[in-house]
Amino acid sequence: MKIRTYFIILMLTFAAGAAALVLFTSKDNGNLQDPVAVNEVLHSIQADWDTIERHKNKTNLDYVVTDKNGSVLFKTRENLSESLNEAVIHRDTILDIEINGKMAGRLFVYNDSFQQLQVKKQRMTVFLITILLIQVIVCVGALLYLNHTIIQPFHKLKDFARRIADGNLTIPLEMDRQNLFGAFTESFDIMRSELERARLAEAEANASKKELIAKLSHDIKTPIASIKAAAEVGAALAGDKKVQDNYAQIIQKSDQINTLISNLFTAAVEELQQLPVSPADMESRELKSLLENSDYLHRGTIPEIPVCLLYADRLRLQQVFDNIFANSYKYADTRIEISIYRNNYCLAVTIGDHGGGVLTEELPLLKEKFRRGSNTEGKEGAGLGLYIASYFMNEMAGDLLIANGPDGLQVTVMIPLSGTI
């Protein structure tokens, strides 16, 4: 609707400018003198001819009166044509003054059409400049409106799609039904919710599988240990060499089975696919947009960021902040305190909440796979957020520090400075 309004205003201004130009160019810009006023001047001079020196101009015209010999008898002001040649050159109106049927002199009415034309040109110029300014303002307004309703929402959708492709499904997409992408925004966020639900279901299934493998490995290891112990006792009591060899083979196979079970457990529980991390130089001011993107509920205030050059992977750093803010939203649900400061060869970004923190003995475990604090009971989660964040920071030669603050959990992201690696 607003685009249509902008378009209508533009069309009206274009039409007004075109109409003004047509009127200006089509109007006769020749001699613009009023013939009635000229005739009035001539009659008043004829009436005052005998007392011409006391003649008074009753019109807005400028003129010169001469006798038949060319001598000036009267003029309204200086710098007017005083001879027939000057009057012809200037295109003045030239009239003979007749008294009693005889020519007594001449009247040169000053031609001011040039000045009138200049005034009209100036007015036309001002009008056209005003029209142009209105058009510029309307165009700028239209561009700003398009940027707000199309370009910015498109970039948000683009960033959101990149996050989805990178596996970040926790941050919802802000919906704005006022822009042209409102319906698409809602559909995209529904897709994100479904994918997140599917991921959680997959994580729960994987956790169940891991738990089953752990139980089976324990259940299998127990009888294997018993078999091995019995074989060791039998080997010690056997007097026959052949029997001892048989017991030794049983012991060897028990160890082999135990090793296979341990390998199976390790492969199922501890293997995570490594994600590529490609750090490069980036300006510290870019942190502002990363933190704003992660803090989509606007729980924190971003302080002034020290100017420096960082060595980090922008995409992975975004995921680090996403995971930290998502955990704070999910488990604390309070306002968030953000502080940014230089710390030796790193830029430290501390993100703290007011959710009470976790038990001291649980702090070292939060960066391990599938480990969560005791305050997470009844809340969805796979226990991988801080582990992945820690892994990314280690790959960027930085660190992730977790501690209890005055009244909540504090996570500090240590981002290395460029040139210090």
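Residues numbered from 1 in each chain as written. Predicted model: local features only at pLDDT ≥ 70, side-chain atom pairs only at ≥ 80, totals over all residues. Heavy atoms only, no water.

A.B. asks: Could you give an account of the overall build of the protein chain, naming the residues involved and the relevant values?
C.D. replies: The number of helices and strands found in the protein chain is nine helices and 10 strands. Each of the 421 residues in the protein chain was classed as buried or not, and the buried ones make up 33%. Carbon and sulfur atoms make up 57% of the accessible area of the protein chain, which amounts to about 25700 Å² in all. (Helix = DSSP H or I, 4+ residues; strand = E, 2+ residues; numbered from the N terminus. Buried < 20%, exposed > 50% of the residue type's maximum accessible area, 1.4 Å probe, protein only. Areas by Shrake-Rupley, 256 points an atom, 1.4 Å probe, with all protein chains shown as cover.)

A.B. asks: Tell me about helix α7 (residues 286-294), residues and numbers included.
C.D. replies: Regarding α7, the residues found buried are L287, L290, L291 and S294. Seen end-on, α7 carries its buried residues on one side only, within an arc spanning 95°. (Arc of directions from axis to C-beta.)

A.B. asks: Give me the environment of N79: which residues, what numbers.
C.D. replies: Topologically, N79 is positioned in the loop between β2 (72-75) and α3 (84-89). For N79, a relative accessible area of 71% puts it in the exposed group. In the structure, N79 is positioned 31 residues away from Y110 in sequence and 10.0 Å away in space, judged by C-alpha atoms.

A.B. asks: Could you give me a rundown of the side chain of H55, with the residues and numbers involved?
C.D. replies: Structurally, the position occupied by H55 is in the loop between α2 (35-47) and β1 (63-67). In terms of polar contacts, H55 uses its side chain to reach the side chain of D48, at 2.9 Å. Not counting residues up to four positions away in its chain, the partners in contact with H55 are S44, I45, D48, Y63 and F74. (Polar contact = N/O pair within 3.5 Å; in protein donor to acceptor, adjacent residues only side chain to side chain. Contact = heavy atoms within 4.5 Å.)

A.B. asks: Describe the sheet that holds β1, naming the residues involved and giving the relevant values.
C.D. replies: Reading across the sheet, the four strands line up as β2-β1-β4-β3 and stay open at both edges, with antiparallel pairing between neighbours. Each edge of the sheet is formed by a strand with only one pairing partner; in this case those strands are β2 and β3 (93-99). Going from strand to strand, the sheet's axes swing by 25° on average, the running direction of each strand aside. Here α2 sits on the sheet and contacts β1, β3 and β4 (102-109); the angle it forms with β3, its principal contact strand, is near 30°. (Pairing = 2+ DSSP bridges. Axes fitted to C-alpha atoms, helices over the stretch in contact; angles between N-to-C directions.)

A.B. asks: Go over the sheet that holds strand β10 (residues 409-416), please, and point to the residues and values.
C.D. replies: The strand order across the open sheet formed by four strands is β7-β8-β10-β9, and the pairing between neighbours is antiparallel. Each edge of the open sheet carries a strand with a single partner, namely β7 (337-343) and β9 (399-404). Each strand axis lies, on average, 20° off the axis of its neighbour in the sheet, ignoring direction. In this sheet, strand β8 (residues 346-352) lies alongside β7 in antiparallel orientation, the contact comprising seven bridges. Note on β8: the bridge partner recorded for E337 is G352. The sheet contacts of α7 involve β7, β8 and β10, and relative to β8 the element is tilted by about 20°. Lying on the sheet, helix α9 (residues 385-395) is in contact with β9 and β10; it crosses β9 at an angle near 135°.

A.B. asks: Go over the packing of aromatic side chains, please, and point to the residues and values.
C.D. replies: Summed over all chains, the structure comprises four aromatic pairs. Between Y63 and F74, the ring centres sit 6.0 Å apart and the planes meet at 40°, which makes this aromatic pair tilted. With Y63 in strand β1 and F74 in strand β2, the pair connects residues that are 11 residues apart, well separated along the chain. The same class applies to Y63 and to F74, which are both buried. With 5.0 Å between their ring centres and 85° between their planes, Y296 and Y329 make a pair best called edge-to-face. Of this pair, Y296 sits in the loop between α7 and β6 (309-312) while Y329 sits in helix α8 (residues 314-332), and the two are 33 residues apart along the sequence. The class for Y296 is buried, based on a relative accessible area of 16%. (Phe/Tyr/Trp six-rings, centres within 6.5 Å; stacked < 30°, edge-to-face > 60°.)

A.B. asks: Account for the side chain of Q135, with residues named and values stated.
C.D. replies: Turning to its location among the elements, Q135 is positioned in helix α4 (residues 113-165). Given a relative accessible area of 11%, Q135 falls into the buried group. Other than its neighbours up to four places away in sequence, Q135 contacts L10, T13 and F14.

A.B. asks: Quick one: what's the story with the packing of α7 against α8, residue by residue and with numbers?
C.D. replies: For the pair α7 and α8, interaxial distance at closest approach is 8 Å and the crossing angle is 40°. The angle between α7 and α8 falls in the class oblique. As for the relative orientation of α7 and α8, their crossing is right-handed in sense. Taking contact as the criterion, the partners of E286, L287, S289, L290, L291, N293 and S294 in α7 are, on α8, R314, L317, Q318, F321, D322, F325 and Y329. When grouped by side-chain class, the residues that make up the contact of α7 with α8 number seven nonpolar, four polar and three charged. (Parallel < 35°, antiparallel > 145°, perpendicular 65-115°, else oblique. Left-handed = near helix turned anticlockwise from the far one by under 90°. Nonpolar A, V, L, I, M, F, W, Y, C, P; charged D, E, K, R; others polar.)

A.B. asks: Tell me what's going on with the packing of α8 against α9, and back it up with residues and numbers.
C.D. replies: Where α8 contacts α9, the axes come no closer than 9 Å and their chain directions differ by 150°. Put simply, α8 runs roughly antiparallel to α9. Of the two elements, α8 crosses α9, and the hand of that crossing is left-handed. Contact with α8, carried on its side by R316, L317, Q319, V320, N323, I324 and N327, involves G385, L386, I388, A389, F392 and M393 of α9 and no other residues of that element. Grouping the amino acids of the contact of α8 with α9 by side-chain chemistry returns eight nonpolar, four polar and one charged.

A.B. asks: I'd like a description of the nonpolar core, backed by residues and values.
C.D. replies: One finds L287, L317, F321, V349, L400, V413 and I415 to be the most contacted residues of the largest nonpolar core, which totals 38 residues. Elements with a contribution of two residues or more to this core: α7, β6, α8, β7, β8, α9, β9 and β10. Residue contributions to this core peak at six residues, all from α8. In this view, I415 contacts L287, L310, Y311, A312, L317, F321, Y345, C346, L347, V349 and M393; residues no more than four positions away in its chain are not counted. (Core = buried A, V, L, I, M, F, W, Y, C linked by side-chain atoms within 4.5 Å.)

A.B. asks: How would you sum up a nonpolar patch on the surface? Please name residues and give values.
C.D. replies: Taken together, the side chains of F7, I8, M11, L12 and F14 define a hydrophobic patch exposed on the protein surface, amounting to about 520 Å² of accessible area. Relative to the assigned elements, L12 resides in helix α1 (residues 2-26). Given a relative accessible area of 58%, L12 falls into the exposed group. (Patch = residues over 30% accessible without salt bridge, like charges linked within 9 Å, V, L, I, M, F, W, Y side chains within 5 Å. Salt bridge = Lys/Arg side-chain N within 4 Å of Asp/Glu carboxyl O.)

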